[in-house]
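Commentary on secondary and tertiary structure
Here are the chains, one letter per residue:
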Amino acid sequence: MSYFSQKVALITGASSGIGAALAQELVSQGAKVVLFARRGDRLQKIAENINHSKENVLVISGDVTQEQDLKRAVHLTREKFKKIDIFIVNAGWSLTGNLEEICLED
Ligand SMILES: NC(=O)c1ccc[n+]([C@@H]2O[C@H](COP(=O)([O-])OP(=O)(O)OC[C@H]3O[C@@H](n4cnc5c(N)ncnc54)[C@H](OP(=O)(O)O)[C@@H]3O)[C@@H](O)[C@H]2O)c1
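Residues numbered from 1 in each chain as written. Predicted model: local features only at pLDDT ≥ 70, side-chain atom pairs only at ≥ 80, totals over all residues. Heavy atoms only, no water.

The grouping of R38, R39, R42 and K45 at the surface amounts to a positive patch. Secondary-structure assignment places R42 in helix α2 (residues 40-50). (Patch = residues over 30% accessible without salt bridge, like charges linked within 9 Å, V, L, I, M, F, W, Y side chains within 5 Å. Areas by Shrake-Rupley, 256 points an atom, 1.4 Å probe, with all protein chains shown as cover. Salt bridge = Lys/Arg side-chain N within 4 Å of Asp/Glu carboxyl O. Lys, Arg positive; Asp, Glu negative; His and termini not counted. Charge placed at Lys NZ, Arg CZ, Asp CG, Glu CD. Helix = DSSP H or I, 4+ residues; strand = E, 2+ residues; numbered from the N terminus.)

Given below as structure tokens:
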């Protein structure tokens, strides 16, 4: 049995890239996952792709910079899955380019 079997993982930044891939892998190893990001439509599609019955997946749209969104995510996760074993703090972005050409707003 996988270490992740029956574990509950809340993944921020799950609507693309590393977060979406982690969600898929964790579900394939028997975990229950919470997909969190701003783009709820993308989260729904990912949830359908990785777990058709959706019983092991919870989608929550929100912004990690908003404290109330994070509190809601924790509350809804506990409500559905009764616990949180793993919190994957993955949401974010990066900027590439020359330092001389990047401004403070970027
Ligand atoms: N890929 C790499 O080579 C690499 C290297 C070093 C570090 N990283 C870091 O690893 C993480 C994932 O990278 P990735 O390549 O998978 O990036 P990605 O495909 O751009 O995914 C970023 C994720 O973060 C979410 N996100 C961004 N801002 C958010 C916010 N304010 N609230 C909630 N969710 C937010 C995005 O979803 P929404 O837009 O739907 O909210 C998206 O799901 C990032 O933090 C990145 O900086 C990546």
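Around the ligand lies a shell of 16 residues, among which S15, S16, I18, R38 and R39 are the nearest. In this structure, an oxygen atom belonging to the ligand sits 2.7 Å away from a side-chain N or O atom of R38. Its free accessible area being 880 Å², the ligand has 65% of it covered by the protein chains. Of the residues in the shell around the ligand, the class split is six nonpolar, seven polar and three charged. (Near = heavy atom within 4 Å. Polar contact = N/O pair within 3.5 Å; in protein donor to acceptor, adjacent residues only side chain to side chain. Nonpolar A, V, L, I, M, F, W, Y, C, P; charged D, E, K, R; others polar.)

We now examine the environment of T77. With respect to the helices, strands and loops of the structure, T77 is situated in helix α3 (residues 67-81). Overall, the relative accessible area of 0% leaves T77 in the buried class. Sequence-wise, T77 and N56 are 21 residues apart; in three dimensions their C-alpha atoms are separated by 11 Å. For T77, the residues in contact, after removing those within four places along its chain, are V8, L10, V34, L58, I60, K82, K83 and I84. (Buried < 20%, exposed > 50% of the residue type's maximum accessible area, 1.4 Å probe, protein only. Contact = heavy atoms within 4.5 Å.)

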